[in-house]
Amino acid sequence: MKEISKHYNPLEVEPKCLDFWEKEGIYQFSPRAKGRIFSVDTPPPTVSGKMHIGHAYSYTHEDFIARYRRMKGENIFFPFGTDDNGLPTERLVEKLKNVRANRMKRQDFIDLCNKTLKIITPDFIADWKKVGMSCDFSKTYSTIDDNCRRASQKFFLDLYKKRKVYRQEAPVVWCPHCQTAIAQAELEDKTEETFFNDIIFKLSNGKNLVISTTRPELLSSCVAIFVHPEDKRYKKLVGKKAQVPLFGNWVKILADKRVDKQKGSGAVMCCTFGDKTDVEWFKEYQLPLVMSLDKTGIMTEKAPKYKGLSAKAARAKIIEDLKEKKLLVSQKKITHTLNIHERCKTEVEILNSEQWYIRILDQKKELIELGRRIKWHPEFMRARYENWIKNLHWDWCISRQRFFGVPFPVWYCAKCGEVKLAEEKDLPVDPLSAKPKGKCQKCQSSKFIPEKDVMDTWATSSLTPQLALQMFYKEEESKKMIPLNLRPQAHDIISTWLFYTVVRSKYHFGKIPWKEVMISGHVLDEKGRKMSKSLGNVVTPQTILEKYGADALRFWAAGRSLGQNINYSEEEIRAGKKFLTKLWNVMRFSSLNIPKSRNGKFTGLRLMTIVNKGNKCNTKKNAADESILANIKSLKDLYPTDRWILAELQDLIATATKNFEKYDYSSAKLAIEKFFWIKLADNYIEIVKNRLYNESSQNKKGQASAQFTLYSVLFTLLRLLAPFIPFATEEIYQTFFRTKKCAKSVHLCGWPRIDERLSNREEIETGKILLEIIAALRKFKAKKGLSMKAELEKVEIFCSREVKKRIKEMEEDLRAVGNAKAIKFSESKRFLVKIS
Ligand SMILES: [Zn+2]
Ligand SMILES: [Zn+2]
C-alpha cells in the first residue's frame, strides 16, 4: 500500500493527471460511443504565442459545463482547433522573426508563417491542456490546414452559387497601416482631442461661408457642401456654389437632414471619403470621386502642393497655409470619436476599391429572427447581437490584400473579366500557382488572371462547426449534427465570430448553428481596470499555474456567473488552494476512520449501491463492507445526525444539478463550497469524530452509521466538485476510491443522483437547530477562554415540544461534540440555550 501524502501538492499532481488522461484517452470522442451527443462549438483561440488570463477565465466556464454533461452520461463532442491564419498570425510572425511581409517574396513569407506555426503551436495548445480543458486533443484542426482551406473554399463556392457573395468596386473601410480592406466588425472606437477648424469658403457674391471641419487635409477631396434644410442661416444658399480655399475649384451647396445644425458653423464639406456619411452622400447625390489619400495614407497628386506628405503632415501644412491667407477663422479644441483598426490601432480611412462581400444588409430581419431562436445564457447578451445587426452599414467585406490566409478559389478572364471558379474536386487551390480548367464561359478566352487577395480569417472561422465536425464525420453525417448544442465564447466577439457563424449557417444550411450560446465576461485587474501592457497590470495564467496550479485558477474562475466580468484576485486564488488542502485533509482523515480494503481504498463502493443509484461502480462484496453492513441493514438504522447530513446532501445535489442545467455553474460552486466548509468540515465531522474513533466501545451501530454516511457524503461531494477541480478530484478518486472494477477516472463516474428516501425537509430544519446549539456552545467556550474540548457541566435547551422531540434524538452526538455532561430539555415558546 502506497503511503498517502500528508500535503496536497497541485504542482506534482496536475502534470501526472494530464499524462493519465492522455494515456487513457479519457476525453476522446467517438460518434458511436454510448449516450446522447452533446456538441460544443469550441472557440479556436488565435495563435498569439501564449494563452492570456481572459482565455483561462472563459474556457474553464465551458469546461465546467462539458464535464458536468459528461458525468451525466452524455457523449461529449468537445473538439479543439486553433485559428491561425490572417492578419494576427502575420503580425505575430513579423514580430517573432523581425520581418515585414510586404518587403518579402509572397511565397517566402507564407512559408515562414507555416514554419513558425509548426514550432509554436504545440506549446500554445499545451496551455489549454494545463488549465484542464477536457477537449479531445487527440485530433485538432488549424484554420489554415489543408482540410480547413478545402472546407473554406468549398463553402465560398456554395455562397457564389447561391449569389450570396459578390465582388464590387465601392468605398470600403481601409487600414493604411495593414494596407488592406477590413470589415465594420474590426473597428474600435477611440476618443481623441483634435481641433474643429472654421475655414472660409468664398461665395460668388464675394461673401464668406464658414465651414467647420476636423480634417482640413481633405480639402482637395471636397466635392460638395452640406447644410441642414431647416437652417435659416443657409436657406438662401442651397443650390449655389462656393469656392474651395487653397484649391480654387467650385462646389455645390446642398441641403441634407444628416447635417447637425449645432455642430461648428452648421455647414460641412463632403469629401471622398471622410466618413460614413460622406459615403452615403457620395452614393445618393452621385458626387464625383476625388481620392487625395492613397492606400498607405499618403497625399496624392489631387493635392499637388501636398503630394507625398502623410495625412497628419498635410493637415499641419494646410492649416499653416490657411492662416497665412487669412482663411482660418478659428480653431476649437474638441474631443471626438474616431474609428481605429482593432488589430493595429491605426485610424482607418475609407477608400474606393474592388472587394468581395457577403450579403448581410438585406438579411437583417432574418438574422435577428434567427438570433431569437437561439437560447442565450445570459439572456441579456442577445441585445448586443441585435444592436450590432441594427447598426450595420456595410455588407461583410471578406477580401484582404494580405498574404497568409485562405486564397479565393477564383480567377478572372483576362479578356472580359468574367469570374472563373475552381472545381470542387481540385480544392484546396492557390490560384496564384494553379491554372483553371477550361475556357472563359463568356468569351472563350483561355487567359486568366488569378485572384491575389486572401479571405479574412473570420470567413473561415465562421465555419467552425463544420471544421470541427469534419474531423469525426463524413459530410452527410455532419450536416445532421447541425445545430450543435452549444456555442461558448466571450462577449467581445459577438459581432464577429458569433454573428458571422449565424450568417454562414443560414446561407449554407438554412438553420441556426447551435441551440444555445453561453457568453463569458472579461478579466479586469484587481482594481477593475482593463489589463494592458502600458498599465503594467497584466497577469498571465502561466504564472498562476506555476504558483498555485490549475484547480485554484479554475476555482477563482467559477466565482462569477456567465456574462459577468471578474476582477483578478490573488486572494480568491489562494482561497481555492486552501480549499484543496482542506479537501485533501478531510479525505485523509476519513481514510483513517473508514474501513479499507486490502489495497487501501475505501470499501464503501458496495454500500453506495444502497445510497446512490447514480453511481456506476460496483465491486464484489468484501469483508470490510460486511462489517458495516452487519450494523446498517436499512437506512432506518442511520443516526439522526447522519440522516441530517444526508438530507442536506440531497439538497445540495438538487441545487448543483438545477444550476448546472441553467449554465449557472457559479451558483453550483458556491453551494458546494458552503456545504463543504460549513456543514461538513466545521460541523458534521466534528460531531461524528467521537463515534468514528470509538473503536473499542459497544457502539458498533453508531460507528457504522457514521462511516457509511461519511463515505456517501465524500464520494458524492467528490463528483460534484469534479467539473470545477478536475485534477484534485482525480487524485483523490485514484488514491481513496478507485478499485479494480470502478470507472477509470472520476470524470467517467456518474453525476450524483438524488435518493428520494434520504431527502427530508424536516431533517434539514432539525439540523439548523442542531448547528445553532453547537454554535452557542462554541461561543460560550470562546467567551470564557475555554478550550473547545473543555467539559460543560450542564446545558439546558429551551424549545418547543416538537423541536425537543427531534433534537432529543441527537442528544448523544450533541453531548459528544460539546463535551457536555448533561443536557436538559425544557419546553418553551422561545428557543434558548443556557450553559453553565
Ligand atoms: Zn491595421
Ligand atoms: Zn472572358
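Residues numbered from 1 in each chain as written. Chains lettered and ligands numbered in written order. Predicted model: local features only at pLDDT ≥ 70, side-chain atom pairs only at ≥ 80, totals over all residues. Heavy atoms only, no water.

1. Things to note about the overall build of the chain
As a reminder, the rule being used: Counting from the N terminus, the helices are DSSP H or I runs at least four residues long and the strands are E runs at least two residues long. Here the term buried applies to any residue with accessible area under 20% of the maximum for its type, exposed to any over 50%, and partly exposed to those in between, with areas from a 1.4 Å probe on protein chains only. Contacts are assigned to residue pairs with any non-hydrogen atoms lying within 4.5 Å of each other. For accessible areas, the Shrake-Rupley method is used with a probe of radius 1.4 Å. Any residue's cover is judged against the shown protein chains and nothing else. Charge assignment: positive for Lys and Arg, negative for Asp and Glu; neither His nor the chain ends contribute. A charged residue contributes its charge at one atom only: NZ of Lys, CZ of Arg, CG of Asp or CD of Glu.
The secondary structure content of the chain amounts to 25 helices and 28 strands. Over its C-alpha atoms, taken along the principal directions, the chain stretches across nearly 115 × 65 × 45 Å. By the burial criterion, 56% of the 836 residues in the chain qualify as buried. Intrachain contacts of the chain at a sequence separation of at least 6 include 77% that bridge at least 24 residues. Accessible area for the chain stands at about 37700 Å²; split by element, carbon and sulfur atoms hold 50% of it. The averaged location of the 102 negative side-chain charges in the chain is 1 Å from the averaged location of its 150 positive side-chain charges.

2. Focus on the packing of aromatic side chains
Spelled out, the test is: For Phe, Tyr and Trp, where Trp contributes only its six-membered ring, two rings pair if their centres lie within 6.5 Å, and the inter-plane angle classes them as stacked under 30 degrees, edge-to-face over 60, or tilted in between. Charge-over-ring contacts are defined here by two conditions on Lys NZ or Arg CZ: a distance within 6 Å of the ring centre and an angle within 35 degrees of the ring normal.
The final tally for this structure, using the stated rule, is 45 aromatic pairs. Ring plane angle 20° and centroid distance 5.8 Å describe the contact between Trp 356 and Phe 408, whose orientation is recorded as stacked. Placement of the pair is Trp 356 in strand S14 (residues 349-358) and Phe 408 in the loop between strand S17 (399-400) and strand S18 (410-413), with a sequence separation of 52 residues. For the pair Trp 356 and Phe 408, one class covers both residues: buried. When the centroid spacing of 6.1 Å and the interplanar angle of 75° are considered together, the rings of Phe 579 and Trp 677 count as edge-to-face. Of this pair, Phe 579 sits in helix H16 (residues 570-593) while Trp 677 sits in helix H20 (residues 665-693), placing them 98 residues apart in sequence. We classify Phe 579 as buried; its relative accessible area is 0%. Exposure remark for Trp 677: the relative accessible area of 23% places this residue in the partly exposed category. Every member of this aromatic cluster is reached through a ring pair, and the members are Phe 64, Tyr 68, Phe 660, Tyr 665, Phe 724 and Trp 751. Above the face of the Trp 497 ring, Arg 487 is positioned so that its terminal group lies 3.0 Å from the ring centre. Taking NZ or CZ as reference, Lys 669 lies 4.1 Å from the ring centre of Phe 555, over its face.

3. With respect to the pattern of salt bridges
The condition that has to hold: Put simply, a salt bridge is a Lys or Arg side-chain nitrogen that is within 4 Å of an Asp or Glu carboxyl oxygen.
Throughout the structure, instances matching the rule amount to 63 salt bridges. For the salt bridge of Lys 437 with Asp 426, the shortest nitrogen-to-oxygen distance reads 2.8 Å. In this pair, Lys 437 sits in the loop between strand S19 (419-421) and strand S20 (448-450) while Asp 426 sits in the loop between S19 and S20, placing the two residues eleven residues apart along the sequence. Assessed through its relative accessible area of 43%, Lys 437 is described here as partly exposed. By relative accessible area, Asp 426 is classed as partly exposed at 28%. Close ionic contact of Arg 560 with Glu 572 constitutes a salt bridge, the shortest N to O distance being 3.4 Å. Note that Arg 560 is positioned in the loop between helix H15 (550-557) and strand S25 (566-567) and Glu 572 in helix H16, a separation of twelve residues in sequence. Given a relative accessible area of 24%, Arg 560 falls into the partly exposed group. A residue is classified by how much of its surface remains accessible, and Glu 572, at 29% relative accessible area, is partly exposed. In the salt-bridge network here, residues are joined through shared partners; they are Arg 36, Arg 69, Lys 72, Glu 74 and Glu 661.

4. Some points on the coordination of the zinc ion (ligand 1)
Let me state the cut-off plainly: For Na, K and Ca the donor cutoff is 3.2 Å, while for all other metals N, O and S atoms count as donors only within 2.8 Å; water does not appear among the atoms, so some sites may look incomplete.
Looking at the metal site, the zinc ion (ligand 1) is ligated by Cys 175 (SG), Cys 178 (SG), His 341 (ND1) and Cys 344 (SG), spaced 2.0 to 2.3 Å from it. Sequence spacing of the donors to the zinc ion (ligand 1): C-x2-C-x162-H-x2-C. Of this pair, Cys 175 sits in strand S5 (residues 165-175) while Cys 344 sits in the loop between strand S13 (328-341) and S14, placing them 169 residues apart in sequence. For Cys 175, a relative accessible area of 0% corresponds to the buried category.

5. Brief notes about the environment of Val 429
Inspection of the secondary structure puts Val 429 in the loop between S19 and S20. For the pair Val 429 and Val 406, spaced 23 residues apart in sequence, the C-alpha to C-alpha distance is 9.2 Å. With near-sequence residues (within four places) excluded, Val 429 lies in contact with Gln 153, Pro 407, Pro 409, Trp 411 and Ala 422.

6. Regarding the packing of H15 against helix H22 (residues 726-737)
Cut-off, in case you're wondering: Orientation is described by axes fitted as lines to C-alpha atoms, over the contacting stretch for helices, and by angles from 0 to 180 degrees between their N-to-C directions. Reported orientations rely on four angle classes, namely roughly parallel under 35 degrees, roughly antiparallel over 145, roughly perpendicular from 65 to 115, and oblique for the rest. Each residue gets one label: Ala, Val, Leu, Ile, Met, Phe, Trp, Tyr, Cys and Pro are nonpolar, Asp, Glu, Lys and Arg are charged, and the others, such as Gly, are polar.
It is the contact of H15 with H22, at a shortest axis distance of 7 Å, that shows an interaxial angle of 125°. As summarised for this structure, H15 and H22 are arranged oblique, according to the angle between their axes. Residues Ala 550, Asp 551 and Arg 554 of H15 pack against Pro 726, Phe 727 and Ala 728 of H22. Taken together, the residues of the contact of H15 with H22 break down into four nonpolar, no polar and two charged.

7. Some thoughts on the confidence of the model for the chain
The line we're drawing: Think of pLDDT as the predictor's per-residue confidence, scored from 0 to 100.
Averaged over every residue, the pLDDT of the chain is 92; the share at 70 or more is 95%. Contacts from residues 605-624, a stretch scored under 50 in pLDDT, to residues over four places away or in other chains number 57 contacts.

8. Quick word on the coordination of the zinc ion (ligand 2)
Definition in use: In these descriptions, tetrahedral denotes four donors with every angle between 85 and 135 degrees, square planar four donors and octahedral six donors with opposite donors over 155 degrees apart and the rest between 65 and 115, and irregular any other case.
At this site the zinc ion (ligand 2) is bound by Cys 413 (SG), Cys 416 (SG), Cys 440 (SG) and Cys 443 (SG), with donor distances of 2.2 to 2.3 Å. In this structure, the zinc ion (ligand 2) is coordinated by four donor atoms arranged in tetrahedral fashion, with angles at the metal of 102 to 118°. Here the donor residues for the zinc ion (ligand 2) map to a single chain with the spacing C-x2-C-x23-C-x2-C. Highlighted residues: Cys 413 in strand S18 and Cys 443 in the loop between S19 and S20, separated in sequence by 30 residues. With relative accessibility at 3%, the residue Cys 413 sits in the buried group. With a relative accessible area of 24%, Cys 443 lands in the partly exposed category.

9. Description of the side chain of Thr 460
Which entries qualify depends on this criterion: Counted as a polar contact is a pair of N or O atoms within 3.5 Å, where, for protein atoms, one must be capable of donating a hydrogen and the other of accepting one, and residues adjacent in sequence contribute only when both atoms are in side chains.
Turning to its location among the elements, Thr 460 is positioned in helix H10 (residues 457-461). Judged by relative accessible area, which is 0%, Thr 460 ranks as buried. There is a polar contact of 2.9 Å between the side chain of Thr 460 and the side chain of Ser 152. Setting aside its immediate chain neighbours within four residues, Thr 460 contacts Asn 85, Thr 143, Cys 148, Ser 152, Val 406 and Leu 467.

10. What about the pairing of strand S8 (residues 208-213)?
Where we set the bar: Between any two strands, at least two bridges found by DSSP are needed for them to pair.
Sheet topology places strand S7 (residues 187-203) next to S8; six bridges connect them, and they run antiparallel. Bridge assignment links Ile 199 to a residue of S8, and that residue is Ile 211. The antiparallel hairpin formed by S7 and S8 contains four residues in its connecting segment, where Gly 206 sits at a positive phi of about 85°.

11. Let's talk about helix H24 (residues 801-808)
Stated formally: This arc is built from the directions going out from the helix axis to the C-beta atoms.
Within H24, the full set of buried residues consists of Val 803, Arg 806 and Ile 807. Around the axis of H24, the buried residues are gathered within 95° of arc, so they sit on the same side. Opposite the packed face of H24, turned more than 90 degrees from it, sit the exposed residues Arg 801 and Lys 805. Taken together, the buried residues of H24 touch helix H23 (761-783), strand S26 (792-799), helix H25 (811-818) and strand S27 (820-827).

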